[in-house]
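# Residue-level structure breakdown
As a plain string of letters, each chain reads:
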Amino acid sequence: GRLLANQVFRLKDREGFFLLKLTFTKTTRGSATSPFILETFEDLGVCPVAWIEYYLSVCNLLNIVLNRGYFFRTTDRGRVVSKKPFLGSAVNNRLRKHLTGAKLDCGETSHSSRLGLSNRLFAR
């Protein structure tokens, strides 16, 4: 959520993205900055490159300019695109709202979804 728009580059072959300064805090047990490459893979339902391309298409259709500021953004209470980063708390709040509305809320979190996706990819 704190990834800046000017830190995301499409690879020359258009088969992925290069993220310049992705910071891992929990993974490395500290604060470390390192480049990260996202490559495409066959299952488009879980392919991060396909979803980033979809996100970019939607931003383009909505005239959301991503050349400065945070790459992922939220909307404020007036449904205006915010300049604030898209944080985990926003993900959890939105997930809970949709699950509650569908009467499916059993205490899931965005972390539950991430773990489920990891299990799905591992099972292949």
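Anything mentioned here points back to the structure above.
About the cut-offs
- Residues numbered from 1 in each chain as written.
- Predicted model: local features only at pLDDT ≥ 70, side-chain atom pairs only at ≥ 80, totals over all residues.
- Heavy atoms only, no water.
- Helix = DSSP H or I, 4+ residues; strand = E, 2+ residues; numbered from the N terminus.
- Buried < 20%, exposed > 50% of the residue type's maximum accessible area, 1.4 Å probe, protein only.
- Contact = heavy atoms within 4.5 Å.
- Areas by Shrake-Rupley, 256 points an atom, 1.4 Å probe, with all protein chains shown as cover.
- 1 Å grid on protein atoms, 1.4 Å probe; cavity = no way out; pocket = protein on both sides within 12 Å on 5 of 7 lines; lining within 4 Å.
- Points joined across faces, edges and corners; volume = space filled by probe spheres on them.
- Nonpolar A, V, L, I, M, F, W, Y, C, P; charged D, E, K, R; others polar.
- Expected span 1.5 Å × (residues − 1).
- Arc of directions from axis to C-beta.
- Core = buried A, V, L, I, M, F, W, Y, C linked by side-chain atoms within 4.5 Å.

### Digging into the overall build of the protein chain
- Scanning the protein chain for helices and strands turns up three helices and five strands.
- The secondary structure elements of the protein chain, listed N-terminal to C-terminal, are β-β-β-α-β-β-α-α.
- Here the protein chain, with 124 residues, has 16% of them falling under the buried criterion.
- Taking all contacts inside the protein chain whose residues are at least 6 apart in sequence as the whole, residues at least 24 apart take part in 27%.
- With the model as given, the accessible surface of the protein chain reaches about 9,700 Å², and the carbon-plus-sulfur share is 57%.

### Concerning the layout of surface pockets
- Within this model, the second largest pocket holds a volume of roughly 270 Å³.
- Residue composition of the lining of the second largest pocket, by class: no nonpolar, one polar and five charged.

### Thoughts on helix 1 (residues 48-61)
- The terminal C-alpha atoms of helix 1, which comprises 14 residues, lie 20 Å apart, in line with the 20 Å expected from a rise of 1.5 Å per residue.
- Within helix 1, burial applies to Val49, Ile52 and Cys59. Along the axis of helix 1, the buried positions cluster into a sector of 85 degrees, meaning they face one direction only. Away from its buried face by more than 90 degrees, helix 1 exposes Tyr54 and Leu61.

### What to know about the nonpolar core
- With twelve residues, the main nonpolar core is built from Leu3, Ala5, Val8, Phe17, Leu19, Leu38, Cys47, Val49, Ile52, Cys59, Leu66 and Phe71.
- Those elements giving two or more residues to this core turn out to be strand 2 (16-24) and helix 1.
- When residues in this core are grouped by element, the largest group, three residues, is from helix 1.
- Excluding residues that lie within four positions of it along the chain, Leu66 makes contacts with Ala5, Tyr55, Leu56, Cys59, Phe71 and Arg73.

### Quick look at unusual backbone geometry
- Even without a glycine there, the phi angle at Asn63 is positive, about 60 degrees.
- The exposed category is assigned to Asn63, whose relative accessible area is 65%.
- At Arg79, a residue that is not glycine, the phi angle is positive and equals roughly 65 degrees.

In short, shape yes, function no, at least from these values alone.
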